[in-house]
Amino acid sequence: MKNPLHNDWASLLEDEFQKDYYLRLRSFLKKEYTEEKIHPSMEDIFNALHFTSFHKVKVVILGQDPYHGPNQAHGLSFSVQPGVAIPPSLKNIFKELTHEFGMTMPTHGQLTHWAKQGVLLLNNVLTVREGNAHSHRGQGWELFTDKVIQTLNQKEHPVIFLLWGSAAQKKGELIDTNKHIILKAPHPSPLSAYRGFFESNHFSQANQILRENNLEEIDWSIPKI
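Residues numbered from 1 in each chain as written. Predicted model: local features only at pLDDT ≥ 70, side-chain atom pairs only at ≥ 80, totals over all residues. Heavy atoms only, no water.

Caption draft 1: Structural detail: the overall build of the protein. In terms of regular secondary structure, the protein is built from 8 helices and 6 strands. Along the protein, helices and strands appear, N-terminal first, in the series α-α-β-α-β-α-α-β-β-α-β-α-β-α. Here the C-alpha atoms of the protein give a radius of gyration of 17 Å, agreeing with the 17 Å that 2.2 N^0.38 yields for 225 residues. Overall, the C-alpha framework of the protein stretches about 45 × 40 × 30 Å when taken along its three principal axes. Counting every position in the protein, which comprises 225 residues, the buried fraction comes to 53%. Put simply, 67% of the contacts in the protein that link residues at least 6 apart link residues at least 24 apart. When the accessible area of the protein is evaluated, it comes to approximately 10,600 Å², of which 48% is carbon and sulfur surface. Taken together, the 23 basic and 24 acidic charged side chains of the protein have centroids lying 3 Å from each other. (Helix = DSSP H or I, 4+ residues; strand = E, 2+ residues; numbered from the N terminus. Rg over C-alpha atoms; globule rule 2.2 N^0.38 Å. Buried < 20%, exposed > 50% of the residue type's maximum accessible area, 1.4 Å probe, protein only. Contact = heavy atoms within 4.5 Å. Areas by Shrake-Rupley, 256 points an atom, 1.4 Å probe, with all protein chains shown as cover. Lys, Arg positive; Asp, Glu negative; His and termini not counted. Charge placed at Lys NZ, Arg CZ, Asp CG, Glu CD.)

Caption draft 2: Main features of the sheet that holds strand S6 (residues 181-185). Taken together, 4 strands build an open sheet; the order of strands is S3-S2-S5-S6 and the sheet is parallel. The sheet is open, and its two edges are formed by strand S3 (119-123) and S6, each paired on a single side. Ignoring which end each strand starts from, the neighbouring axes of this sheet average 20° apart. Note: strand S2 (residues 59-63) against S3, 5 bridges, orientation parallel. In the sheet register, Gly 63 faces S3, and the bridge partner there is Asn 123. Contacting S2, S3 and strand S5 (160-164), helix H6 (residues 141-152) crosses the sheet at an angle of about 155° to S3. Strands in contact with helix H8 (residues 202-212) are S2, S5 and S6; relative to S5, the strand with the most contacts, it is inclined by about 165°. (Pairing = 2+ DSSP bridges. Axes fitted to C-alpha atoms, helices over the stretch in contact; angles between N-to-C directions.)

Caption draft 3: Main features of the nonpolar core. If you look at the biggest cluster of nonpolar residues, it comprises 66 residues, and the most contacted ones within it are Ile 61, Trp 114 and Phe 144. If you tally residues by element for this core, the top one is helix H2 (residues 20-35), at 6 residues. Apart from residues no more than four positions distant in its own chain, Trp 114 is found in contact with Ile 61, Ile 93, Leu 97, Val 119, Leu 121, Phe 203, Asp 219, Trp 220, Ser 221 and Ile 222. (Core = buried A, V, L, I, M, F, W, Y, C linked by side-chain atoms within 4.5 Å.)

Caption draft 4: Structural context of the packing of H2 against H6. At a closest axis distance of 9 Å, the pairing of H2 and H6 adopts a crossing angle of 130°. It follows that H2 is oblique to H6 by the angle criterion. Judged by the twist between their axes, the crossing of H2 over H6 is left-handed. In this structure, H2 contributes Tyr 21, Tyr 22, Leu 25 and Leu 29 to the contact, and H6 contributes Trp 141, Leu 143 and Phe 144. For the contact of H2 with H6, the per-class residue count stands at 7 nonpolar, no polar and no charged. (Parallel < 35°, antiparallel > 145°, perpendicular 65-115°, else oblique. Left-handed = near helix turned anticlockwise from the far one by under 90°. Nonpolar A, V, L, I, M, F, W, Y, C, P; charged D, E, K, R; others polar.)

Caption draft 5: Focus on the side chain of His 74. Along the chain, His 74 falls in the loop between S2 and helix H4 (88-101). The class for His 74 is buried, based on a relative accessible area of 5%. Of note is the side chain of His 74, whose polar atom sits 2.6 Å from the side chain of Ser 79. What His 74 contacts, discounting residues up to four positions off in sequence, is Pro 40, Asp 44, Asn 47, Ser 79, Val 80, Gln 81, Gln 110 and Thr 112. (Polar contact = N/O pair within 3.5 Å; in protein donor to acceptor, adjacent residues only side chain to side chain.)

Caption draft 6: Fine view of the environment of Lys 224. Residue position: Lys 224 is located in the segment after H8. For Lys 224, a relative accessible area of 74% gives the class exposed. Separated by 118 residues in the primary sequence, Lys 224 and Pro 106 have C-alpha atoms spaced 7.8 Å apart.

Listed below in structure tokens is the structure:
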């Protein structure tokens, strides 16, 4: 089948698109997109990889599956399209940013500014049925995103993985920690953020690690659109 990726990820992941699990996943998705309301739109499924090419990745923020409300998801973990209310977990991420950097609370939740600087905003599962969280779990996306993580092990400079919550932290087993760095905290959802996500200082720590490795820091602000 045709490789849906447009940048350097295309050659790194091309074998995945021929594997049995992916062909089964593709058949499942064709049926789902025909019969159900699925998020994000088909064109946006691989946006995390399209916005952040392999050679640019410096930081990874791993989410679970896309937002399942109308017009929210656009292929980047935790990010929502402009004009959509900021979801509770993202609001807590922004609260942590205001604590760390004293920035004012953003007015929208689109995180493409981060993605373009080398922050891979990857979900574990890349699609979902509207109104039905985790509805595409166990269909094959987990194997694909495992391969993305394993491919990042090849990078020569350290990649910083921000793993929030137990689901993201399970993926940590795939990361070569002799070379790369994992920062762990509870998930930023309102149910768990107060258990250690707040004041984790992950964004400042990530920038410090980048500085120590002579890499450009991330500007964590959210510019007005």
